[in-house]
Amino acid sequence: MEAREAVAVEFQKAYGSAPEGVWAAPGRVNLIGEHTDYNSGLVLPIALPQRTYAAVRRRDDLGLRMVSSGMGPVKQMELSTIAPGRPTDWTRYPAGVLWALGANYQVGGLDVAFVSEVPIGSGLSSSAAIEGAIGAAASDLFGFDLLADDQGRATLAGLCQKAENDIAGAPTGGMDQAASLRAEAGHALYLDCRDGSVTHVPFTLEDHGLTLLVIDTRAEHKNSDGQYGKRRADCEKACDKLGISSLREIEPTALDASLARLTGFGAERLRKRVRHIVTEIARVRLAATALNNDDFAELGRLFVDSHASMRDDYEISCAELDCAVTSSLESGALGARMTGGGFGGSAMALVYTEALAATEKAISTSFTAHGFAVPQFIHAVAAGPATRVE
Ligand code: ADP
Ligand code: MG
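Starting afresh in each chain, residues are numbered from 1 along the sequence in its written order. Chains and ligands are labelled by the order in which they are written, letters from A for the one and numbers from 1 for the other. Where totals are concerned, whole chains, interfaces and linings use all residues; where local detail is concerned, this predicted model gives features only for residues with pLDDT of at least 70, and gives and counts side-chain atom pairs only at 80 or more. Hydrogens are left out, water is left out, and the side-chain values use all remaining heavy atoms of the structure.

Caption draft 1: Local environment of the sheet that holds strand β1 (residues 21-30). Between any two strands, at least two bridges found by DSSP are needed for them to pair. The secondary structure listing takes helices from DSSP runs of H or I that are at least 4 residues long and strands from runs of E that are at least 2 residues long, numbered from the N terminus. Strand order in this open sheet of six strands is β5-β4-β6-β3-β1-β13, and the pairing throughout is mixed. Whereas interior strands pair on both sides, the edge strands pair on one side only; in this sheet they are β5 (75-78) and β13 (387-388). Examined bridge by bridge, strand β4 (residues 63-68) and strand β6 (residues 110-116) share five bridges and lie parallel to one another. Looking at β6, one finds that R65 is bridged to D111. Contacts: residue pairs with any heavy atoms within 4.5 Å of one another. Angles run from 0 to 180 degrees between N-to-C directions of axes, and those axes are lines fitted to C-alpha atoms, restricted for helices to the stretch in contact. The sheet strands contacting helix α1 (residues 3-15) are β1, β3 (45-58), β4 and β6, and the helix crosses β6 at an angle near 140°. Contacts from helix α5 (residues 175-182) reach β1 and β3, with the element oriented near 125° to β1.

Below is the structure:
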C-alpha cells in the first residue's frame, strides 16, 4: 500500500474514524553547501519525492494524540505541556511545531497519524519532513494560510526550525525546513541563509543522461554525539576572534588574511573550520552557475572538492562515507560527496545513468569488503514541496 493510503488506514486504526485530511512534506538531499546554513551562508538542496504523510483531525479540546508507523503506541499529551526539554521521545519534533506556531497563532488540539517514506536518521531530513507535514496540516486546518505563498512558507519553515532547535534540542540551521517547504519540482533551491531569499535553479539531470545517486550508508556513529554543536561552536569562536558576526562576511579573496589572524591555542582547528565554510559557500555559487550552464563536469569537480573539504578541514566524514565516494569515483562518477550533517548518513554521486547499475554494484561490493552494512540506494529527482494531498 502507498504511504499516502496507509496513513489514513493508520489513522482509522488508532482513532476509530477518518481524518479530515492528509498532508505530506518531503525529505531533502543537499547538492552542496554543508554546515553553511548556520553561518549565514548559501545552500543548494533539492526536495525528494520521498515524503512523510500526516493524516490529521481537529479535536474539541487542547489535547494532542500522535502515532507514527513503526514507533509504538499512540502518544498523548496536552498542548500546554510542550516546552523546551518536553516531550523527550520522537514526538518532540511534531509537538515542537505546534508549540512554535502557538506563540503566534491560535493552535487547537489534534489527532495525528504519520507514515514516512523518508528513511529516518539517514541525513535525508526525516525531521524536517515530519515537521513540515504537521505544520502544513495545522496551517490549513486552523486557517493560518501559510502554504499559499513563499512568504508564508518561509514563516512556517522558520517556526519548524525553532521547534527543532528549542524543543527537539538539535542546533541545526534552516536548510532542511526551507527545502521541505519552499522547493520547486524540477529545481534545486538556492537559499541565502543571511536574508532567507531563494532562487530556483533548474535541476534536470535526466535530460542529460545523468542520475543523482544517493547512497544511504546506514552508518550511525556512536561518537557523533554533540559533534554538530562542536562545529557550530568552532565557527562562533572564530567569529569572536575575527570580530565578525558570521563567517559569511569573509570574502574568498580575504580568506588567507583572515586565517592568518587566527592564532593561539586551538587556532589550527579553527583555521580548518573557517576554510571549509568560506570555500564551501564559494562552491555553492559555482555549483548554481554550473547547473544553469548544464556544466555537469564542473558540478562533479565541485562535489569532489566539497568532500575533501568536509573530510579534511571540517572533519565530519567517516569511513563509510569516504568508501561510498571513492567507489563512486572509481566507477566513473563525475563527482561524489557526503551530504547532510556528516558522521554517517548519506553520500551522493553524479553518475551516468547507463553506469548506474555497475556503480551500485561496485559500492555494495566495496562496503562488503570493508565489513560495512549493506547500503541503500535512492535515485534522487527534484520534487515539489509540502502540500495537502487529500
Ligand atoms: P534525519 O533528519 O536526517 O532523518 P534526525 O536525527 O535529524 O535525522 O531526525 C530523526 C528523528 O526525527 C528521529 O529519531 C525521530 O525522533 C524523528 N522522526 C523523523 N521522522 C519521523 C517519523 N516519521 N516518525 C516518528 N519520528 C520521526
Ligand atoms: Mg534532521
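Caption draft 2: Structural view of the site of ligand 1. In the vicinity of ligand 1 lie 15 residues, with S68, G121, G123, S126 and S127 positioned nearest. Distance and chemistry together define a polar contact, namely a pair of N or O atoms within 3.5 Å, with one atom able to donate a hydrogen and the other to accept it when in protein, and with adjacent residues in sequence counting only for side-chain atoms on both sides. One nitrogen or oxygen atom from the main chain of G123 is found 3.0 Å from an oxygen atom belonging to ligand 1. S126 places a side-chain nitrogen or oxygen 2.6 Å from an oxygen atom of ligand 1. Taking 560 Å² as the accessible area of ligand 1 by itself, protein coverage stands at 80%. When atom positions are compared with the pocket grids, ligand 1 is found to occupy the largest pocket. Per-element accounting of the shell around ligand 1 gives the leading share, three residues, to helix α3 (residues 126-141). Residue polarity follows a fixed list, in which Ala, Val, Leu, Ile, Met, Phe, Trp, Tyr, Cys and Pro are nonpolar, Asp, Glu, Lys and Arg are charged, and the others, Gly among them, are polar. Of the residues that constitute the shell around ligand 1, the class distribution is seven nonpolar, eight polar and no charged. Proximity is defined per residue: any heavy atom of the residue falling within 4 Å of a molecule or strand makes that residue near it. Throughout, the Shrake-Rupley method with a 1.4 Å probe supplies accessible areas, and for residues the shown protein chains are the sole cover considered. Within this scheme a cavity is a closed region of a 1 Å grid, computed over the protein atoms alone, that accommodates a 1.4 Å probe without allowing it to escape, whereas a pocket is open but has protein on both sides within 12 Å along at least five of seven lines; lining residues each have an atom within 4 Å of a point. Just a note on the criterion: a molecule sits in a pocket or cavity if more than half of its atoms are within 2 Å of the grid points.

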